[in-house]
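Examination of the molecular architecture
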Amino acid sequence: MAPLRAILFLFLISAAQGFKKFPKDFQWSTSTSAFQVEGGQEGTGRGMSIWDRYIQKHPTPDNSTGKVACDTYHKFREDADLLKDIGVKQYRFSISWSRIMPTGRPNNINANGVRYYHNLIDSLTGKGIIPLVTLYHWDLPLALQDRGGWLNEDIVEFFGDYVRFIFQEYGHKVKLWTTINEAYIHAKYGYCGEPLEHAPGGLRPNCEWSMYLAAHNMLLAHSKAGNIYKKEFQPTQNGQIGMTIQAVWYEHENSPGDKEAAARVFDFQFNWFAQPIHGKNGDYPTRMRQRLDQLSQSEGRSISRLPTFTSKQIEELKNSSDFLSLNYYTSYVVTKDLPVNNTVEAWGKLTQWGRDIDAFISINPRWKQIAGTWLRSHPQGLRSILNFIRETYNNVPVYITENGCMDTPDEGLNDVTRIEYVRSHLEAIHESITNDGCDVKSYSYWSFLDNFEWAFGYHDRFGIFHVG
């Protein structure tokens, strides 16, 4: 591991603290997820997850796997030392469900896995670092996938059994929890994506409804976890819980058609999950409900492709979170019609989700492109989202749990592009706090280490620390 990026990151954080005057209790953090960094897959009692099988069927471009990854399963004490060295006060990581319960069920507990997370948490808290723990970051136990995964409504009770064990085991040490990471990505690409996108992988025969059912069950699983924690553990453990929601900001031209299209797309992405949890009505966005109900009827279906919540489920969702955990990387442009100067960078209506949103999405060429990838730097989009949360969701406290960018290869470790990306986004956060009154509690850079970036392997490197 090379320390140069860590020094640059520490400089950025110090500069932000010194010159921008963030609130004294603002938490500086960095993030990882279990499958991407832990390794320790063999001889440790860990069960297989959907990503193990996915990578077996769909090798990454560099033929890498998660078997060793960053080896944090064995190097957790070194990780804690590095985190202390760069001065962060919080570390967001996830627990691997299959490392704790190899078959996904509590009748088979892996003592090695239970011990590992105790050791990791103790190493962090012993150095004054607050653990922010994600209960599920896409790595569903394979045994549960073989029972239907997130399409099986029983997954809600399975998740409840899992999180109850976790709260009992670690809740006296952990005070910040997020339930499910980026359900939008997991449902859309895992259950309605091309084979080479996201586990469990493959274009589903019933793709037009499967992503909505998977997302519905993820929301119910979050609600189950949130209510278990609040009723059974929060009164004595005094922690807080939320769900990690990915947000993309959608810019638009001033025409009424484009404005309405951008609002609809935002409903089909961020508000899909934020509104049932944080909205006054505790249900899916009205535009999303009307659109999918109308489409379902025109398709000759007897029920809508978008499931419905019971009145009890709505009330439980509305009381399931103490804060909103937010991931933000980039923004896009939305138009009602195909852009006049159409390029290969404009898309829409080519996928099921694209047809459902009835709009076109493109990239603004003026926004800086990062390393020739999908990522464009648009910090104003983050500020816009934070203000939307303030205005729409009663200024619920926000923990920014992911934001960052990958290497620019020709810069080596002299991360000029990365520094500018982080600096500009920190400025946007500072403005949203000091000028707009947004209640932002922390900033967590993705990621702590160069980690296994899912289907891309190690091609994209986001780490503060370089892993060779």
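It should be emphasised that the depicted structure is a prediction, and the values quoted were computed from it without experimental measurement.

Quick word on the packing of aromatic side chains
By convention here, two paired aromatic rings are described through the distance between centres and the angle between planes. Per the stated rule, a full pass over the model turns up 39 aromatic pairs. An angle of 65° between the planes, with centres 6.3 Å apart, marks the rings of Trp-28 and Tyr-443 as edge-to-face. Residue Trp-28 is found in strand 1 (residues 27-31), and its partner Tyr-443 is found in strand 11 (residues 440-446); the two are separated by 415 residues along the sequence. On the basis of relative accessibility, which here comes to 3%, the residue Trp-28 falls in the buried class. Here Tyr-443 falls in the buried class, since its relative accessible area comes to 0%. Ring geometry for Phe-159 versus Tyr-162: centroids 6.0 Å apart, planes at 50°, classification tilted. On the criterion of helical spacing, the pair formed by Phe-159 and Tyr-162 is a turn pair, its members being 3 residues apart in helix 8 (residues 155-170). Note on Tyr-162: relative accessible area 0%, which makes it buried. The structure contains a cluster of three or more aromatic residues connected by ring pairs, namely Phe-35, Trp-51, Tyr-54, Trp-138, Phe-452, Trp-454 and Tyr-458.

With respect to helix 6 (residues 111-125)
Taking 1.5 Å per residue, 15 residues should reach 21 Å; helix 6 reaches 21 Å between its end C-alpha atoms and fits that length. If you check which residues of helix 6 are buried, you get Gly-113, Val-114, Tyr-116, Tyr-117, His-118, Leu-120, Ile-121, Ser-123 and Leu-124. Of the surrounding secondary structure, the elements contacted by the buried residues of helix 6 are helix 2 (34-37), helix 4 (76-86), strand 2 (90-94), helix 5 (97-100), strand 3 (130-136) and helix 8.

Comments concerning the side chain of Asp-450
In this fold, Asp-450 is placed in the segment after strand 11. On the accessibility criterion, Asp-450 (0% relative accessible area) is buried. Only 3.1 Å separates the side chain of Asp-450 from the side chain of His-466, close enough to count as a polar contact. A polar contact is formed between the side chain of Asp-450 and the backbone nitrogen of Val-467, at a distance of 3.3 Å.

Thoughts on the pairing of strand 11
Of all 7 residues in strand 11, 6 are buried; the element is thus mostly enclosed. Here 5 bridges tie strand 1 to strand 11, and the two strands are oriented parallel to one another. What sits directly across from Ser-29, in strand 11, is Ser-444. Here 3 bridges tie strand 10 (residues 398-402) to strand 11, and the two strands are oriented parallel to one another. Each residue of the ladder has a partner; that of Tyr-399, found in strand 11, is Ser-442.

Here we look at the pairing of strand 5 (residues 240-252)
Buried residues dominate strand 5, accounting for 10 of its 13 residues. Bridge count for strand 4 (residues 176-181) against strand 5 is 4 bridges, and the pairing is parallel. By the bridge assignment, Leu-176 is partnered in strand 5 with Gln-240. Summarising the sheet, strand 5 and strand 6 (residues 323-335) pair through 10 bridges and their orientation is parallel. By the bridge assignment, Glu-251 is partnered in strand 6 with Val-333.

Digging into the state of the cysteines
The tally for this structure, following the rule as stated, stands at 1 disulfide. With a sulfur-sulfur separation of 1.7 Å, Cys-192 is cross-linked through a disulfide to Cys-207. Across the disulfide from Cys-192 to Cys-207, rotation about the S-S bond amounts to roughly 80°, and the bridge is consequently right-handed. Of this pair, Cys-192 sits in helix 9 (residues 183-192) while Cys-207 sits in helix 10 (residues 207-237); the two residues are 15 residues apart in sequence, bridging distant segments of the chain. Judged by its relative accessible area of 11%, Cys-192 is buried. Cys-405 takes part in no disulfide bond, and the closest cysteine sulfur, belonging to Cys-70, lies 17 Å away.

Concerning the packing of helix 10 against helix 14 (residues 311-318)
Geometrically, a packed helix pair is captured by the angle between its two axes and the distance between the axes. The N-to-C vectors of helix 10 and helix 14 enclose an angle of 60°; their axes lie 9 Å apart at closest approach. Considered as vectors, helix 10 and helix 14 are oriented oblique to each other. When you trace helix 10 past helix 14, the crossing you get is left-handed. Facing Leu-219, Leu-220, Ser-223 and Asn-227 of helix 10, the residues of helix 14 in contact are Gln-313, Glu-316 and Leu-317. Among the residues making up the contact of helix 10 with helix 14, the classes are represented as 3 nonpolar, 3 polar and 1 charged.

Here's the deal with the pattern of salt bridges
Across all of its chains, the model carries 29 salt bridges by this definition. A salt bridge links Arg-53 to Asp-146; the shortest N-O distance between them is 2.9 Å. Here the residue Arg-53 occupies a position in helix 3 (residues 50-57), and Asp-146 occupies one in the loop between helix 7 (142-145) and helix 8, the gap between them amounting to 93 residues. For Arg-53, a relative accessible area of 27% gives the class partly exposed. Glu-299 serves as the salt-bridge partner of Arg-301, at 2.7 Å between the closest nitrogen and oxygen. The class for Arg-301 is partly exposed, based on a relative accessible area of 31%.

Rules behind the numbers
- Residues numbered from 1 in each chain as written.
- Predicted model: local features only at pLDDT ≥ 70, side-chain atom pairs only at ≥ 80, totals over all residues.
- Heavy atoms only, no water.
- Phe/Tyr/Trp six-rings, centres within 6.5 Å; stacked < 30°, edge-to-face > 60°.
- Helix = DSSP H or I, 4+ residues; strand = E, 2+ residues; numbered from the N terminus.
- Buried < 20%, exposed > 50% of the residue type's maximum accessible area, 1.4 Å probe, protein only.
- Expected span 1.5 Å × (residues − 1).
- Contact = heavy atoms within 4.5 Å.
- Polar contact = N/O pair within 3.5 Å; in protein donor to acceptor, adjacent residues only side chain to side chain.
- Pairing = 2+ DSSP bridges.
- Disulfide = S-S within 2.5 Å.
- Axes fitted to C-alpha atoms, helices over the stretch in contact; angles between N-to-C directions.
- Parallel < 35°, antiparallel > 145°, perpendicular 65-115°, else oblique.
- Left-handed = near helix turned anticlockwise from the far one by under 90°.
- Nonpolar A, V, L, I, M, F, W, Y, C, P; charged D, E, K, R; others polar.
- Salt bridge = Lys/Arg side-chain N within 4 Å of Asp/Glu carboxyl O.

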